[in-house]
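Per-entry structural report
This is what each chain is made of:
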Amino acid sequence: MPKPTAYLLLIAQQLRQLQRTRYAIIDGKDSEALHDFRVVLRSLRTLLPLALSPQNRLDLAIMQAWKALAKLSNSSRDAEVIMTMLGTQISDEQSQSLSQSYHRGI
């Protein structure tokens, strides 16, 4: 079983990756950036409870914030997938609605 400091190192690596994917999402040139961002968030959701204590109020607040952030990114990725799958099979109004959902998530 890794020691808590090993978890902290993994968390630091994931935070660096999160920052890189954040810039890629904002830049808009990497079509996989949102997916990569969500993967990092899932990793952090797994790692944070191993290194943080739910009895500590600050630690608990950090874990809740990461869960909320991951939840926000889910809807935008879902909208992106639907837009790609359906392509021209949806009306302009539906496409615009999905696009708005995607951009709100971003």
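Note: the structure precedes this text.
All of these numbers come straight from a predicted model, not from anything done at the bench. (Residues numbered from 1 in each chain as written. Predicted model: local features only at pLDDT ≥ 70, side-chain atom pairs only at ≥ 80, totals over all residues. Heavy atoms only, no water.)

Scanning the chain from N- to C-terminus turns up four helices and zero strands. Here the chain holds 106 residues, and the buried ones make up 26% of them. For the chain, the proportion of contacts with a sequence separation of at least 24, taken over those separated by at least 6, is 51%. Split by element, the accessible area of the chain, about 7,400 Å² in all, is 56% carbon and sulfur. (Helix = DSSP H or I, 4+ residues; strand = E, 2+ residues; numbered from the N terminus. Buried < 20%, exposed > 50% of the residue type's maximum accessible area, 1.4 Å probe, protein only. Contact = heavy atoms within 4.5 Å. Areas by Shrake-Rupley, 256 points an atom, 1.4 Å probe, with all protein chains shown as cover.)

Helix-helix packing is characterised by the crossing angle of the two axes and by the distance between the axes. At a minimum axis separation of 9 Å, helix α1 (residues 4-27) and helix α2 (residues 33-51) run at an interaxial angle of 155°. Put simply, α1 runs roughly antiparallel to α2. Crossing of α1 against α2: the hand is left-handed. The segment α1 lies against α2, with Tyr-7, Leu-8, Leu-10, Ile-11, Gln-14, Leu-15, Gln-17, Leu-18, Thr-21, Arg-22, Ala-24 and Ile-25 engaging Ala-33, Leu-34, Asp-36, Phe-37, Val-40, Leu-41, Ser-43, Leu-44, Leu-47, Leu-48, Leu-50 and Ala-51. Split by residue class, the contact of α1 with α2 holds 18 nonpolar, four polar and two charged. (Axes fitted to C-alpha atoms, helices over the stretch in contact; angles between N-to-C directions. Parallel < 35°, antiparallel > 145°, perpendicular 65-115°, else oblique. Left-handed = near helix turned anticlockwise from the far one by under 90°. Nonpolar A, V, L, I, M, F, W, Y, C, P; charged D, E, K, R; others polar.)

The first and last C-alpha atoms of α2 sit 26 Å apart over 19 residues, in line with the 27 Å expected at 1.5 Å per residue. All buried positions along α2 are accounted for by Ala-33, Leu-34, Phe-37, Arg-38, Val-40, Leu-41, Leu-44, Leu-47 and Leu-48. (Expected span 1.5 Å × (residues − 1).)

Our focus in this paragraph is the environment of Phe-37. Inspection of the secondary structure assignment puts Phe-37 in helix α2. With relative accessibility at 11%, the residue Phe-37 sits in the buried group.

Formed by 19 residues in total, the largest nonpolar core has its most connected members in Leu-18, Leu-41, Leu-44, Leu-48 and Trp-66. Those elements that provide at least two residues to this core are α1, α2 and α3 (57-86). The element best represented in this core is α2, accounting for eight residues. Once residues lying within four places of it in the same chain are set aside, the contact partners of Leu-48 are Ile-11, Ile-62, Met-63 and Trp-66. (Core = buried A, V, L, I, M, F, W, Y, C linked by side-chain atoms within 4.5 Å.)

Turn by turn, an α-helix covers 3.6 residues, leaving residues three or four places apart pointing in a common direction. Under the 1.5 Å per step criterion, the end-to-end length of α1 is 35 Å for 24 residues, consistent within 8% with the ideal 34 Å. When we look at burial in α1, the residues that qualify are Tyr-7, Ile-11, Leu-18, Thr-21, Ala-24 and Ile-25. Gly-28 sits one or two positions beyond α1 and adopts a positive phi of about 75°.

Attention now moves to the environment of Gln-14. Locating Gln-14 in the fold gives a position in helix α1. Measuring from C-alpha to C-alpha, the distance between Gln-14 and Leu-44 comes to 6.9 Å, with 30 residues separating the pair along the chain. Residues contacting Gln-14, with those up to four places away along its chain left out, are Val-40, Ser-43, Leu-44 and Leu-47.

Attention shifts here to the environment of Ala-70. Of note, Ala-70 is situated in helix α3. Taking the C-alpha atoms as reference points, Ala-70 and Leu-41, separated by 29 residues in sequence, lie 5.8 Å from one another.

The values reported here are purely geometric and, on their own, carry no functional implication.
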